[in-house]
Amino acid sequence: MRVRNKPWAKDYVADHPERLVEEPEPLKGNWQSRFPKEQPLYVEIGTGKGQFIVEMAKAHPDRNFIGIEIQFSVIAAALKKVVASELTNIQLVHTDGEAVNTFFAAGEVAGLYLNFSDPWPKSRHAKRRLTSPVFLAHYADVLQPKGEIQFKTDNRGLFEYSLGSLNNFGLVFDGVWLDLHAATDGVEDIQTEYEQKFSAKGPIYQVIAHFPTA
């Protein structure tokens, strides 16, 4: 995805170190120090422009949220939303979400959100998908027992791959939706910017699953 450079982004990020972390490794095992209250920690990998995580933080003031984004201009846009919200239960991290186990400790994370991640459609790139076994192993390292992974996409191929990958890794499925927006079971559906823009073109797929406990 090509992202336009935003001339204001560098200065804006520099002005808000209390909201955005650029070197996450030193905080491993101590992320609660970034929040005024110690609460269950939920992480979105690929937070985009921040709509989902801001709305989740509004809906769940009893949770702390961290949004991870690699694109600097994109996370700067998310930072604007977070600052404007005045919510104290959100932090942003400018980094690659590939190796979350290098900056979260074992059992530090209560739940993970993977929203509309890159499908990497070519077979040779399958290991780059956020639901590949490489990534699932990292999630298993940092999630609490029964901590959930919520995965959402509009890409049927990625969804089918992800169902197989999660199943083969031994995860337990808590719910599978083949058309999330048509669901009538009361499932929470806080939408991303991308989701609002493109959901009219086809169904949104979702799976919620957790690693089995010993």
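- The name that an unreviewed UniProt entry assigns to the protein chain is tRNA (guanine-N(7)-)-methyltransferase, with the source organism given as Levilactobacillus tujiorum.
- Check the Sequence similarities (unreviewed entry) section of the UniProt entry for the protein chain; it says "Belongs to the class I-like SAM-binding methyltransferase superfamily. TrmB family."
- The annotation that UniProt attaches to the protein chain under Catalytic activity (unreviewed entry) is "guanosine(46) in tRNA + S-adenosyl-L-methionine = N(7)-methylguanosine(46) in tRNA + S-adenosyl-L-homocysteine".

## Concerning the UniProt feature "binding site: S-adenosyl-L-methionine" (unreviewed entry) in the protein chain
Line of reasoning, step 1. Mapped onto the present numbering, the UniProt feature "binding site: S-adenosyl-L-methionine" (unreviewed entry) falls on Glu44, Glu69, Asp96 and Asp118. Across 75 residues of sequence, these annotated residues stay compact in space, with a maximum C-alpha separation of 14.1 Å.
Line of reasoning, step 2. Along the polypeptide, Glu69 turns up in strand S3 (residues 64-69).
Line of reasoning, step 3. Within the structure, Glu69 has its side chain in polar contact with the backbone nitrogen of Thr47 (distance 3.4 Å).
Line of reasoning, step 4. Along the chain, Asp118 falls in the loop between strand S5 (109-115) and helix H4 (133-142).

## Details of helix H3 (residues 72-85)
Counting along an α-helix, one turn takes 3.6 residues, and residues three or four places apart therefore face a common direction.
Line of reasoning, step 1. In this model, H3 (14 residues) spans 20 Å end to end at C-alpha, consistent with the 20 Å of a helix rising 1.5 Å per residue.
Line of reasoning, step 2. Elements that come into contact with the buried residues of H3 comprise helix H1 (9-14), strand S1 (20-21), helix H2 (51-59), S3 and strand S4 (90-94).

## Thoughts on the UniProt feature "binding site: substrate" (unreviewed entry) in the protein chain
Line of reasoning, step 1. Those places that UniProt annotates as "binding site: substrate" (unreviewed entry) correspond, in this numbering, to Lys122, Asp154, Thr192, Glu193, Tyr194 and Glu195. For the annotated residues, spread through 74 residues, the largest C-alpha to C-alpha distance comes to 25.5 Å, inconsistent with a single compact locus.
Line of reasoning, step 2. Tracing the chain through its elements places Lys122 in the loop between S5 and H4.
Line of reasoning, step 3. Residue classification places Lys122 among the partly exposed residues on the basis of a relative accessible area of 45%.
Line of reasoning, step 4. Here Glu195 falls in the buried class, since its relative accessible area comes to 0%.
Line of reasoning, step 5. Beyond its immediate sequence surroundings of up to four residues, Glu195 is in contact with Phe116, Lys152, Leu180, His181, Asp189, Ile190 and Ile204.
Line of reasoning, step 6. Within the structure, the side chain of Glu195 is placed 3.0 Å from the side chain of Lys152, a separation counted as a polar contact.

## Topic: the sheet that holds S5
Two pairing modes exist for strands in a sheet, parallel and antiparallel, and in both the strands are linked by backbone hydrogen bonds.
Line of reasoning, step 1. Spatially, S1-S4-S3-S2-S5-S6-S8-S7 is the arrangement adopted by the eight strands of the open sheet, whose pairing is mixed. Strands at the two margins of the open sheet, each flanked by one partner only, are S1 and strand S7 (172-177).
Line of reasoning, step 2. Two elements, S3 and S4, share five bridges in a ladder whose sense is parallel. From the neighbouring strand, Ile68 faces S4, where its bridge partner is Val93.
Line of reasoning, step 3. Relative to strand S6 (residues 143-153), H4 is tilted by about 140°, and along the sheet it contacts strand S2 (41-45), S5 and S6.

Reading guide: rules and limits
Residues numbered from 1 in each chain as written. Predicted model: local features only at pLDDT ≥ 70, side-chain atom pairs only at ≥ 80, totals over all residues. Heavy atoms only, no water. UniProt positions renumbered as here; feature names shortened; annotations may be inferred. Helix = DSSP H or I, 4+ residues; strand = E, 2+ residues; numbered from the N terminus. Polar contact = N/O pair within 3.5 Å; in protein donor to acceptor, adjacent residues only side chain to side chain. Expected span 1.5 Å × (residues − 1). Contact = heavy atoms within 4.5 Å. Buried < 20%, exposed > 50% of the residue type's maximum accessible area, 1.4 Å probe, protein only. Pairing = 2+ DSSP bridges. Axes fitted to C-alpha atoms, helices over the stretch in contact; angles between N-to-C directions.

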